[in-house]
Amino acid sequence: MSSAVRILDKEGKEINSVGFQRFGFDCEVPLDVLRSLYLRKHYVKTIASSSESVKDDEEDSAATAYLSKSIYHADTQSISYTTLSRFPPVKLLPPSSRKRVLVTGGAGFVGSHLVDRLMVLGHEVTVLDNFFTGSKTTVSHWVGHPNFEMVRHDVVEPFMIECDQIYHLACPASPPHYQYNAVKTIKTSFMGTLNMLGLAKRTKARFLITSTSEVYGDPEVHPQPEDYWGHVNPIGPRACYDEGKRVAETLTYGFHRQDGVDVRVARIFNTYGPRMNPFDGRVVSNFIVQALRGEDMTVYGDGKQTRSFQYIHDLIDGLIALMNSDETRPVNIGNGDEFTIAEFAELVRDIVEKVQREDGAEPKRVNIIYKPMPTDDPQKRRPDTTRAKEVLEWQPRWTVRMGLEEMVRYYKAKMEEGSI
Ligand SMILES: O=c1ccn([C@@H]2O[C@H](COP(=O)(O)OP(=O)(O)O[C@H]3OC[C@@H](O)[C@H](O)[C@H]3O)[C@@H](O)[C@H]2O)c(=O)[nH]1
């Protein structure tokens, strides 16, 4: 994506960097640095015939010099991976401000963006992931870096390490994925959180769990503040996730009260952005992929149910602010811009057409079709973010439109190179 594309925030101001200095922790990073990690081409070079030789470093521009290279051989449809030549630059921090951070689920969509930010900021990061829904390619640009370690591990089993902060993200999060094996999902939420809290207790690390807006179930209060207890069907198909996260929160406060573990609880509302698995069945990825392919866009139910969508960088800002704050109560992290799913389908279709036109193609208008509503699908959802504003001085900056444009460009580039 060209850096000429300007991103404007909700007040019309240009966004050049994400993050901020807060609670003594500086998490500001230029947007272009992050973009170079997720909008880079997966295949740096494509050679038409395997007999052609590939010239190496002298061909590299400054922007791609430190990126991993994969050479795509179109004739044999094969790909050769080479090792990294140089890593993206990271801040040089004195040991007193360098943190040892464990990120469970660090190879997932949210985890990988958190890892990018923490790495660029100069911290030492260990990723734990079982790669059930995460993928090694999301963080492969850091493999081999002295500040980085990736461990294939399932949090259902105990894990020991010395660390200062634990971001506990590990759990499938898309409805088709978490319902695929309901018992495993609830086991991950319960035992995974128990193991990580045990680790936090032993190491005295600060522990942040990413909980979810799904703890509010199909809410009877709108928008949802943190002190709303929720309306969850304990035996429905979504219960493995909703109740799993609810018991994970209960465990977290149990360790906090009983053992003095220093805890943070983020309740994340619907989030989207680059690296979201295009096949995970969620509405944003489904709609964009369908529109880009010229297929029908599938709205479930009558499309009157609502969701409020936040862009990934806003979420990462919120998670880092919460981790470094003193707030131990749950905090909603989400964007209040609420859409019906039918409206959202039209918005995504418009944006896909706009991007196609900007790239010189004549878009084909796709149809919006209606499919049955999944069981227990919440009818409405919007975060009340008063607490985040008061205690973290955090509010989302990205408009849904700006974030969607960037995500459409990301999926479009991936499709063109054949990696999705
Ligand atoms: O192709 C689709 C996919 C989904 N939908 C609808 O769009 C809405 C949003 O669905 P998603 O699957 O993206 O996400 P949901 O809001 O149902 O669940 C999410 O909630 C918050 C997070 O914690 C979780 O990541 C996830 O469980 C739902 O009403 C769903 O029925 C469609 O209309 N069409």
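Under an unreviewed UniProt entry, the name given to the protein chain is UDP-glucuronate decarboxylase, and the source organism is Phanerochaete sordida. Recorded in UniProt for the protein chain, the comment headed Cofactor (unreviewed entry) runs: "NAD(+)". Of the protein chain, the UniProt comment under Pathway (unreviewed entry) reads exactly: "Nucleotide-sugar biosynthesis; UDP-alpha-D-xylose biosynthesis; UDP-alpha-D-xylose from UDP-alpha-D-glucuronate: step 1/1."

A.B. asks: Teacher, can you tell me more about the packing of helix α2 (residues 109-120) against helix α7 (residues 312-324) here?
C.D. replies: Each pair of packed helices can be summarised by the angle the axes make with each other and by the distance between the axes. Relative orientation of the contacting elements α2 and α7 amounts to 65°, with a least axis distance of 10 Å. Considering the angle they form, α2 stands roughly perpendicular to α7. Note on packing geometry: the crossing formed by α2 with α7 is right-handed. Across from Val110, His113, Leu114 and Arg117 in α2, the residues of α7 making contact are Ile312, Leu315, Ile316, Leu319 and Ile320. Partitioned by chemical class, the residues of the contact of α2 with α7 number seven nonpolar, one polar and one charged.

A.B. asks: Sorry if this is basic, but what is going on with the sheet that holds strand β12 (residues 206-212) here?
C.D. replies: Hydrogen bonding along the main chain pairs the strands of a sheet, whether they run parallel or antiparallel. The seven strands are arranged β10-β9-β8-β11-β12-β13-β18 in an open sheet whose pairing can be described as parallel. Edge positions in the sheet fall to β10 (148-152) and β18 (330-333), since each of these pairs with one other strand and no more. Strand-to-strand twist of the sheet, defined as the mean angle between neighbouring strand axes without regard to direction, takes the value 20°. Summarising the sheet, strand β8 (residues 100-104) and strand β11 (residues 165-168) pair through four bridges and their orientation is parallel. Residue threonine 104 lies in a different strand from β11, and its bridge partner there is histidine 168.

A.B. asks: When you look at the domain arrangement of the protein chain in this model, what are you seeing that I'm missing?
C.D. replies: Where interface size is quoted, it is often the accessible area lost as the parts come together. Each assigned domain of the protein chain is listed here: domain 1 (17-37 + 91-417) and domain 2 (40-89). Taking only C-alpha atoms, the centre of domain 1 and the centre of domain 2 are 31 Å apart.

Rules of the game
Residues numbered from 1 in each chain as written. Predicted model: local features only at pLDDT ≥ 70, side-chain atom pairs only at ≥ 80, totals over all residues. UniProt positions renumbered as here; feature names shortened; annotations may be inferred. Axes fitted to C-alpha atoms, helices over the stretch in contact; angles between N-to-C directions. Helix = DSSP H or I, 4+ residues; strand = E, 2+ residues; numbered from the N terminus. Parallel < 35°, antiparallel > 145°, perpendicular 65-115°, else oblique. Left-handed = near helix turned anticlockwise from the far one by under 90°. Contact = placed C-beta atoms within 7 Å. Nonpolar A, V, L, I, M, F, W, Y, C, P; charged D, E, K, R; others polar. Pairing = 2+ DSSP bridges. Domains from an automatic or database assignment.

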